[in-house]
Protein chains: 2
Amino acid sequence: MTDPERPRQRMTKGERTRQRIIDSATELFSRSGYRAVSLRDIAAHAGLTHAGVLHHFPNKEATLIHVLSRRDEIDAPLVLDPGLSHRALIENILWIVERNADTPGLVSLYVNLSAEATDPAHPAHKYFVQRYRVLRESLTTAFTVLLGNRDTPSPQVAAQQFLALQDGLQIQWLLEPEVVNMRATVLSYLRGLGIELPEEPILRRPETDLEAGHDLMAEASRRTIDPGSTDPDR
Amino acid sequence: MTDPERPRQRMTKGERTRQRIIDSATELFSRSGYRAVSLRDIAAHAGLTHAGVLHHFPNKEATLIHVLSRRDEIDAPLVLDPGLSHRALIENILWIVERNADTPGLVSLYVNLSAEATDPAHPAHKYFVQRYRVLRESLTTAFTVLLGNRDTPSPQVAAQQFLALQDGLQIQWLLEPEVVNMRATVLSYLRGLGIELPEEPILRRPETDLEAGHDLMAEASRRTIDPGSTDPDR
DNA sequence: GTCTATAGAGGGATAGAC
DNA sequence: GTCTATCCCTCTATAGAC
């Protein structure tokens, strides 16, 4: 899988084009969702024709798979590293909430996709089912410790509430950014659970094992298209 | 506006067809969202051609407006009746949560539409902005009283959290209905706020002033198409 | 009130030139 | 590696017959 951190100079021309295509797909899917964006839209944004895009990816669905995979390469280590403390997991999620408030496009991508993907026929359906399973599991473990001997909510319910709160807030925030403070509202929920975190934003990205948790998407990808086989340049 | 309670016998043929079209549109939008459903899909489901649909509605957008208006005629009195007590408002919302768990299509409609409609260019954008404004306002007033002299969360934040929780839970529930109990999880949130409600479902629809709050959609409709002018039969 | 026919735009995907 | 050209499909919307 392409390493987004590798300097562009060291990439082949094909790799750079693939990168540009995924950048464009990310931005356009973010704005309007997967189904409403055409290959021609993506191609125009990336500066080539739709046939050019289909030289690098076998079909439209493959571009979506790559967009999601790349997000996971960046974020998965923050939440799936098994070496993470329970507190660090919550802090890292809070950091993501914080960063989201600066990247409305990214938020829009996940809001649109997670809604579309509730349809079992959607190409990203399995991906989102898997995603929420993994996140709920991690959070349930963390809350089991962090909630101490509280009896309500249960760690399982707290995990569902915590994730639901973030998703729901994103919709309200996209509709009216001025009236919703995602970070403060999530913090307030955690305080209600007796979990105190610093009021100030974290700013810098938390340090992580960059190799951790990269395979959240792996199963879903394999069921559809092997991303590795779609690069005719290597 | 058509009264959905009036017996079908007393409707003209045109009214019945319009009703069937809106029923079909509701079901299909619920399954796949607005943009992914075509007029031909709606027409086929309602048992006529797409040209037949366009005889009753000037364009696709008008069907969406009518679908949303009809939902509001049913649900708005439950949350916008000014004669409602603060406790009754929360109970009515809980009743809606309860009913939602029996109507996945309806849940899917709002999940898909509220995501699509975060785009300012979406025909239902203004509608959803308005919808959340009104709901937050009602809930803020209710929480101002119900939270007593708690200082955290503020009534405004509680209103945002309460709505966000419901929206986010719907996504998780649509993805994996077996692992999410929407009613119990919302109840647990309210208990955390010190608001105790009966553990058992409410079952029957709460009684309301059926005329209350019908104009949530009115402004948004007027800005696009006057629904009254689209029925050539009257 | 509903249909067929059609216009005109745009979608995904493929073949083959360069 | 990228293009043009093309196929074939589906979309929204309109015109006009019945």
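Provided above is the structure to which this section pertains.
Numbering of residues starts from 1 in every chain and runs along the sequence as written. In the order they appear in the text, chains get letters beginning with A and ligands get numbers beginning with 1. Local features in a predicted model are, by the rule used here, given only for residues with pLDDT of at least 70; side-chain atom pairs are given and counted only at 80 or more, and totals for whole chains, interfaces and linings are based on all residues. Heavy atoms throughout the structure, all of them, feed into the side-chain values; hydrogens and water do not.

A closer look at the overall build of chain A
Defined as follows: Secondary structure follows DSSP: runs of H or I at least 4 residues long count as helices, runs of E at least 2 residues long count as strands, and numbering of each begins at the N terminus. Exposed residues in this analysis have more than 50% of their type's maximum accessible area, buried residues have under 20%, and partly exposed residues fall in between, with area computed by a 1.4 Å probe over protein chains only. Note on areas: Shrake-Rupley, 1.4 Å probe, and residue coverage restricted to the protein chains presented here.
Helix and strand content of chain A: ten helices and zero strands. Across the 234 residues that make up chain A, the buried fraction comes to 56%. Accessible surface computed for chain A: about 10,500 Å², of which carbon and sulfur atoms make up 51%.

Some points on the interface of chain B and chain A
For the record, the criterion: By definition in these notes, contact holds between two residues if any of their heavy atoms fall within 4.5 Å. Summed over both partners, the accessible area lost on bringing two parts together, with a 1.4 Å probe, is the buried area. For salt bridges, the criterion is a side-chain nitrogen of Lys or Arg within 4 Å of an Asp or Glu carboxyl oxygen. We define a polar contact as two N or O atoms separated by no more than 3.5 Å, with the added condition that, inside protein, one atom must be a possible hydrogen donor and the other a possible acceptor, whereas residues neighbouring each other in sequence contribute only through side-chain atom pairs.
Counting residues at the interface gives 42 residues for chain B and 41 residues for chain A. Across the interface of chain B and chain A, roughly 3,200 Å² is buried in total on both sides, 56% from carbon and sulfur atoms. On inspection of chain B and its partner chain A, the count reaches four salt bridges. Scanning the region where chain B abuts chain A turns up 16 residue pairs in polar contact (both at pLDDT 80 or more). Those elements that provide at least two residues to the side of chain B that touches chain A are α1 (13-32), α6 (104-116), α7 (125-146), α8 (155-175) and α9 (182-192) of chain B.

Some details on the relation of the copies chain B and chain A
Each of the two chain copies can be generated from the other by rotation about an axis followed by a shift along it. For clarity, the threshold we go by: Each copy is superposed on the other by least squares, with the fit set by C-alpha atoms of residues at a pLDDT of at least 70 in both.
It takes a turn of 180° to lay chain B on chain A, together with a shift of 0.0 Å along the axis; the resulting RMSD is 0.1 Å. As the rotation angle and translation indicate, the two copies are arranged about a two-fold axis. Comparing contact sets, 98% of the residues at the interface of chain B also lie at the interface in chain A, consistent with an isologous, same-surface contact.

Brief notes about unusual backbone geometry
Here the amide bond leading from A:T152 into A:P153 is cis, since omega sits at 0°, within 30 degrees of zero. With respect to the element layout, A:P153 can be found in the loop between α7 (125-146) and α8 (155-175).

Re the nonpolar core
For clarity, the cut-off: Definition used in this section: a nonpolar core is a set of buried Ala, Val, Leu, Ile, Met, Phe, Trp, Tyr and Cys residues joined via side-chain atoms within 4.5 Å.
Counting residues in each nonpolar core, the largest one holds 135 residues, and the members touching the most others are A:F143 and B:F143. When sequence neighbours within four positions are dropped, the list of residues in contact with B:F143 reads B:I90, B:P155, B:A158, B:A159, B:F162, B:L190, B:L193 and B:I195.

Structural notes on the pattern of salt bridges
Taken as a whole, this structure holds 20 salt bridges over all chains when the rule is applied. We note a salt bridge from A:D119 to A:R35, for which the minimum N-O separation is 3.7 Å. With A:D119 in the loop between α6 (104-116) and α7 and A:R35 in the loop between α1 (13-32) and α2 (39-46), this residue pair connects regions lying 84 residues apart in the sequence. Between B:E176 and A:R136 there is a salt bridge; the shortest N-O distance is 2.8 Å. One end of the pair, B:E176, is in the loop between α8 and α9; the other, A:R136, is in helix α7, on a second chain.

Notes on the packing of α8(A) against α7(B)
Filter applied, for reference: Each axis is a line fitted through C-alpha atoms, and for a helix only the stretch in contact is used; angles between axes span 0 to 180 degrees, taken between their N-to-C directions. When the near helix sits turned anticlockwise from the far one by under a right angle, the crossing is termed left-handed; a clockwise turn instead gives a right-handed crossing. Charged residues are taken to be Asp, Glu, Lys and Arg, nonpolar residues to be Ala, Val, Leu, Ile, Met, Phe, Trp, Tyr, Cys and Pro, and polar residues to be all remaining types, Gly included.
Orientation of α8(A) relative to α7(B), taken along the N-to-C sense of each, is 115°, at an axis distance of 10 Å. Crossing angle aside, the handedness with which α8(A) passes α7(B) is left-handed. Residues A:I171, A:Q172 and A:L175 of α8(A) form the contact with α7(B), whose participating residues are B:H125, B:F128, B:V129, B:Y132 and B:R136. Per-class residue counts for the contact of α8(A) with α7(B) are five nonpolar, two polar and one charged.

With respect to the packing of aromatic side chains
Convention followed: Two rings from Phe, Tyr or Trp (for Trp, the six-membered ring) form a pair when their centres sit within 6.5 Å of each other. Planes less than 30 degrees apart are called stacked, planes more than 60 degrees apart edge-to-face, and all others tilted. Whether a charge lies above a ring is judged from NZ of Lys or CZ of Arg, which has to be within 6 Å of the ring centre and within 35 degrees of the ring normal.
Scanning the entire structure with this criterion turns up ten aromatic pairs over all chains. When the centroid spacing of 5.4 Å and the interplanar angle of 65° are considered together, the rings of B:F29 and B:Y34 count as edge-to-face. By the burial criterion, B:F29 is buried, and B:Y34 matches it. Plain terms: the ring middles of B:Y127 and B:F128 are 5.1 Å apart, the flat faces sit at 85° to each other, and that makes the pair edge-to-face. Each member of the pair B:Y127 and B:F128 is classed as buried. Of note, A:K60 hangs over the ring of A:Y34, and the distance from its end group to the ring centre comes to 4.4 Å.

Regarding α8(A)
The test is simple: Every helix has an expected span of 1.5 Å times one less than the residues it contains.
If you check α8(A), its first and last C-alpha atoms are 31 Å apart, about what 21 residues at 1.5 Å a residue would give, namely 30 Å. Among the 21 residues that make up α8(A), 18 are buried, leaving the element largely enclosed by the rest of the structure.

With respect to the packing of helix α5 (residues 86-100) of chain B against α7(B)
Residue and element names in this part refer to chain B. In plain terms, the rule: By definition in this entry, angles of less than 35 degrees are roughly parallel, angles greater than 145 are roughly antiparallel, angles of 65 to 115 are roughly perpendicular, and the rest are oblique.
Across the interface, α5 lies against α7 with an axial gap of 9 Å and an inter-helix angle of 125°. Relative to α7, the element α5 lies oblique. Considering the relative orientation of α5 and α7, their crossing is left-handed. For the pair α5 and α7, the contacting residues are H86, R87, L89, I90 and I93 in the first and S138, L139, T141, A142, F143, V145 and L146 in the second. Taken together, the residues that form the contact of α5 with α7 break down as eight nonpolar, three polar and one charged.

Some remarks on helix α4 (residues 60-80) of chain B
Given 3.6 residues per helical turn, the α-helix brings residues three or four places apart onto the same face. Residue and element names in this part refer to chain B. For the record, the criterion: The quantity called bend is, for any residue, the angle between two axes fitted respectively to the seven residues ending at it and the seven beginning at it.
The first and last C-alpha atoms of α4 sit 28 Å apart over 21 residues, in line with the 30 Å expected at 1.5 Å per residue. Along α4, the sharpest change in direction is near 45° and occurs at I74; proline P77 comes one to four residues later. In terms of burial, α4 is a largely internal element, 19 of the 21 residues being buried. Capping the start of α4 is the job of one residue whose side-chain oxygen sits 3.2 Å from the backbone nitrogen of E61: N59.

As for the side chain of A:S108
Relative to the helices and strands, A:S108 resides in helix α6. Ignoring any residue separated from it by four or fewer positions in sequence, one finds A:S108 in contact with A:S30, A:R31 and A:L174.

Details of the side chain of A:T140
Considering the arrangement of structural elements, one finds A:T140 in helix α7. A:T140 gets classed as buried once you look at its relative accessible area, which sits at 16%.

Some points on the environment of A:R99
Residues and elements named next belong to chain A. Take R99: it is sitting in helix α5 (residues 86-100). With relative accessibility at 15%, the residue R99 sits in the buried group. Taking C-alpha positions, R99 is 9.5 Å from R183, a pair spaced 84 residues apart along the chain. With near-sequence residues (within four places) excluded, R99 lies in contact with R71, D75 and L106.

What to know about the environment of B:L64
Residues and elements named next belong to chain B. Here L64 shows up in helix α4. Assessed through its relative accessible area of 1%, L64 is described here as buried. Linking L64 and V186, residues 122 residues apart in sequence, is a C-alpha distance of 29 Å. If near-sequence neighbours (up to four positions away) are discounted, L64 is found in contact with F29, Y34, L113, H122, P123 and A124.

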